[in-house]
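# Reading the structure
Now for the letters of each chain:
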Amino acid sequence: MIHILQNALREGMLNIRSKLPTFLVTVLMVSLSFMVFDIFLLVSWNLEYALRSEQENVGIEVFLENRVDEAEALRLADLISGMEGVRSVYYVSPREAEAVFRADMPEQADMLELLGPGFHLPASIQVSLLLEYRTAEKVGTIARTISGMEGVADVMYGEEYLPGLTRAVSVLEKLVFLAGLVLAISLSLVVANTVRLAVAHRALTLEIMSIVGAPAWFIRLPFVGEGMVTGIAGSAGSLILTWAVSSMLSSTVPHRFLPGNWILLILALGAFSGAAGSWIGMRSGFRRPRR
Amino acid sequence: MIVSFNNVRKYYGSWPALEKVDLRLEEGEFVVISGPSGAGKTTLFRHVWMGDLPTTGTVEVVGFSSDGIRSGDLPLLRRKLGIVFQDFRLLPERTVFENVALPLQVTGTPPKAVRRRVFELLADMELSHRRNSFPNELSGGEQQRVAIARAMVAHPVLLLADEPTGNLDPEVSRKVIDLLVGINRAGTAVMLATHDPRQVPAGAARFVYLDGGRIVDPSYWDGYDQL
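On a predicted model such as this, the values are computed, not experimentally measured, just so you know.

## Focus on the overall build of chain B
- Helix and strand content of chain B: seven helices and ten strands.
- Counting over 227 residues, chain B shows a buried share of 45%.
- Taking as baseline every contact in chain B between residues at least 6 positions apart, the subset at least 24 positions apart corresponds to 68%.

Here's what the structure looks like:
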């Protein structure tokens, strides 16, 4: 058995070595096909990343009534931190609010002087939410509950832009999934067909192996292995090309390259489509005896 | 009996390639299947290695029957046969050694045993000096000897030679036929398809004549006129 496996692997290497130019052309075609997919993923990934970063800022700002003292504010903060979906709370005292105002808007700091020493910015509680609660609907529900609490003057949570952001993230997720699926299927067919054509040139090898009594799996194994190697080499090549394009554009269009798990997905898709192409190619190369 | 055709008919569409063929081959026998081009010789051979199955009737070869053979049985059947073609069908990207070793490698024979057997056979075929050559570096006669070595390397029960001299000049053809006769004398059954039965020495083989897919009586066969 070990000898048969060794020989099957040897056959695979021999196939590649003996048709090196064909192999390289096939790898190049697979690389170029995959590059379209990689660029689509790169654009999608960066768009989604930007939207997610925006979503990261989603939170609730709870303004307290002037009569609420610090002890009561902290009790309120405790109460809010126990609510479902709340990750953390942070109490901002009137003094801290003023300091932040002066730091963030120094040109408008004079307004505070005009309003006189008796004026204080309201104390507030900043509420940070768990990721899955940062949708317009869920934030709205939490905000409404908080606004009904004793001592709360006003609640702000970006109600103007949050519904649009939530919709954009949701649409983008569906679009990436659907377009990705369609692209992955068409790409697999292109790669499978390219590898199938490469395998079809080996009709004589398939026939001779069958005639000398090679078991079907022995005949298929080297070809499927070759298809996988072609697919992986092609998808790796496409990643290198995409990375080169990405690097060239990084100074003019700031973006991030694909994350590790997406790279693994592309390589796995390459391996799968290459193996599938080989398998299909051999099915047409194998002529079963007919009555 | 190692080969038995029982009332075999083969139709490709409506075209009859074999008609009511009954044929037996005993162990160690040499049978020459002769007939003009298109007589059905190659079709008959394809039925022996079960590259085709009969439309009606039964073919039995070394214990395998066309009636119940499964895909998984085909390699087991073919390991008991050696097959030689007119166009040699050597793998062009492999050396002589690699071509001859192939039938042993696919069955998992240890590399040492493969080397020993291939070297022995190449010496018998006077091809030792060509073991690292590629098929396109060989003459037609040498290529056919390599094909015969590949067919014989796994000690087949039956050697099928389908027009092995079709692409060779008369002198080389005679040597190939002598080689086949020698193989048969060493105990291997041989089925040889040829359109020229005069190549085979009288008394060395049994002759079967095919015409239009039917086995015909040699006394009524006018094939010689066409040679």
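## Looking at the interface of chain B and chain A
- On the side of chain A, 20 residues touch chain B, which itself brings 23 residues to the contact.
- Those elements that place two or more of their residues in the side of chain B that touches chain A are α2 (74–78) and α3 (96–105) of chain B.
- For the side of chain B that touches chain A, the element with the highest residue contribution is α3(B), accounting for three residues.

## Focus: the nonpolar core
- If you look at the biggest cluster of nonpolar residues, it comprises 96 residues, and the most contacted ones within it are B:Ile33, B:Val100, B:Ala149, B:Leu160, B:Val190, B:Met191 and B:Leu192.
- Of all the elements, helix α9 (residues 216–249) of chain A adds the most residues to this core, at nine residues.
- Ignoring any residue separated from it by four or fewer positions in sequence, one finds B:Val100 in contact with B:Val118, B:Leu121, B:Leu122, B:Val146, B:Ala149, B:Arg150 and B:Val153.

## Digging into the environment of B:Leu91
- With respect to the helices, strands and loops of the structure, B:Leu91 is situated in the loop between β6 (81–84) and α3.
- Residue class for B:Leu91 comes out partly exposed when judged on the 19 C-beta atoms lying within 10 Å of it.
- Placed 44 residues apart in sequence, B:Leu91 and B:Pro135 show a C-alpha to C-alpha distance of 7.5 Å.
- Excluding anything up to four places from it in sequence, B:Leu91 contacts A:Leu204, A:Thr205, A:Ile208 and B:Asn99.

## Some words on the sheet that holds strand β4 (residues 56–61) of chain B
Residue and element names in this part refer to chain B.
- Overall, antiparallel pairing links the four strands, which are arranged β2-β1-β4-β5 in an open sheet. The strands lining the two open edges of the sheet, one partner per strand, are β2 (15–25) and β5 (64–65).
- Pairing geometry for strand β1 (residues 3–12) and β4, over five bridges, is antiparallel. Within the sheet, the bridge partner assigned to Val3 lies in β4 and is Val61.

## Comments concerning helix α6 (residues 170–185) of chain B
All names here are of chain B.
- Look at α6: 22 Å from first C-alpha to last across 16 residues, which is about the 22 Å you get at 1.5 Å a residue.
- All of the buried residues in α6 are Ser173, Val176, Ile177, Leu180 and Ile183. Down the axis of α6, the smallest arc covering the buried residues is 115°, so these residues share one side. Exposed positions of α6 whose direction lies more than 90 degrees from the buried face are Glu171, Gly182 and Arg185.
- Buried residues belonging to α6 abut α5 (140–152), β7 (158–162) and β8 (189–194).
- Of the residues flanking the end of α6, it is Gly187, one or two places downstream, whose phi is positive at about 120°.

## Details of the pairing of β7(B)
All names here are of chain B.
- With five of five residues buried, β7 lies mostly within the body of the structure.
- In β7, alternate side chains face the same way, and those of Leu158, Leu160 and Asp162 on one face and Leu159 and Ala161 on the other are all buried.
- Judged from the four bridges that link them, β6 and β7 form a sheet pairing that is parallel. For Val84, the partnering residue across the bridge sits in β7 and is Ala161.
- As paired elements, β7 and β8 share five bridges and run parallel to each other. Bridging across to β8, Ala161 finds its partner in Leu192.

## What about helix α8 (residues 203–211) of chain A?
- Of the residues making up α8(A), those classed as buried are A:Thr205, A:Leu206, A:Ile208, A:Met209, A:Ser210 and A:Ile211.
- Among the residues trailing α8(A), A:Gly213 stands out with phi positive, at a value near 90°.

## Overview of the packing of helix α2 (residues 20–56) of chain A against α9(A)
Residues and elements named next belong to chain A.
- Axis separation between α2 and α9 bottoms out at 7 Å; the angle between their running directions is 50°. In this view, α2 runs oblique relative to α9, as classed from their interaxial angle. When the axes of α2 and α9 are compared, the crossing they make is right-handed. Across the interface between the two elements, Phe23, Thr26, Val27, Val30, Ser31, Phe34, Met35, Asp38, Ile39 and Leu42 of α2 pack against Thr230, Gly231, Ala233, Gly234, Ser235, Gly237, Ser238, Leu239, Leu241, Thr242 and Ser246 of α9.
- Residues belonging to the contact of α2 with α9 are distributed by class as follows: ten nonpolar, ten polar and one charged.

## Here we look at the confidence of the model for chain B
- With 96% of its residues at a pLDDT of at least 70, chain B reaches an overall mean of 92.
- Our summary of model confidence lists the complex with pTM equal to 0.70 and ipTM equal to 0.87.

## Quick look at the sheet that holds β7(B)
Residue and element names in this part refer to chain B.
- The strand order across the open sheet formed by six strands is β6-β7-β8-β3-β9-β10, and the pairing between neighbours is mixed. Looking at strand neighbours, the two that pair on one side only are β6 and β10 (214–216), the edges of this open sheet. Here the average twist between neighbouring strands, direction ignored, is 25°.
- Contacts from α6 reach β3 (30–34), β7 and β8, with the element oriented near 155° to β8.

Conventions we followed
- Residues numbered from 1 in each chain as written.
- Chains lettered and ligands numbered in written order.
- Predicted model: local features only at pLDDT ≥ 70, side-chain atom pairs only at ≥ 80, totals over all residues.
- Helix = DSSP H or I, 4+ residues; strand = E, 2+ residues; numbered from the N terminus.
- Buried ≥ 20, exposed ≤ 12 C-beta atoms within 10 Å, placed from the backbone.
- Contact = placed C-beta atoms within 7 Å.
- Core = buried A, V, L, I, M, F, W, Y, C linked by C-beta atoms within 7 Å.
- Pairing = 2+ DSSP bridges.
- Expected span 1.5 Å × (residues − 1).
- Arc of directions from axis to C-beta.
- Axes fitted to C-alpha atoms, helices over the stretch in contact; angles between N-to-C directions.
- Parallel < 35°, antiparallel > 145°, perpendicular 65-115°, else oblique.
- Left-handed = near helix turned anticlockwise from the far one by under 90°.
- Nonpolar A, V, L, I, M, F, W, Y, C, P; charged D, E, K, R; others polar.
- pLDDT = per-residue confidence, 0-100.

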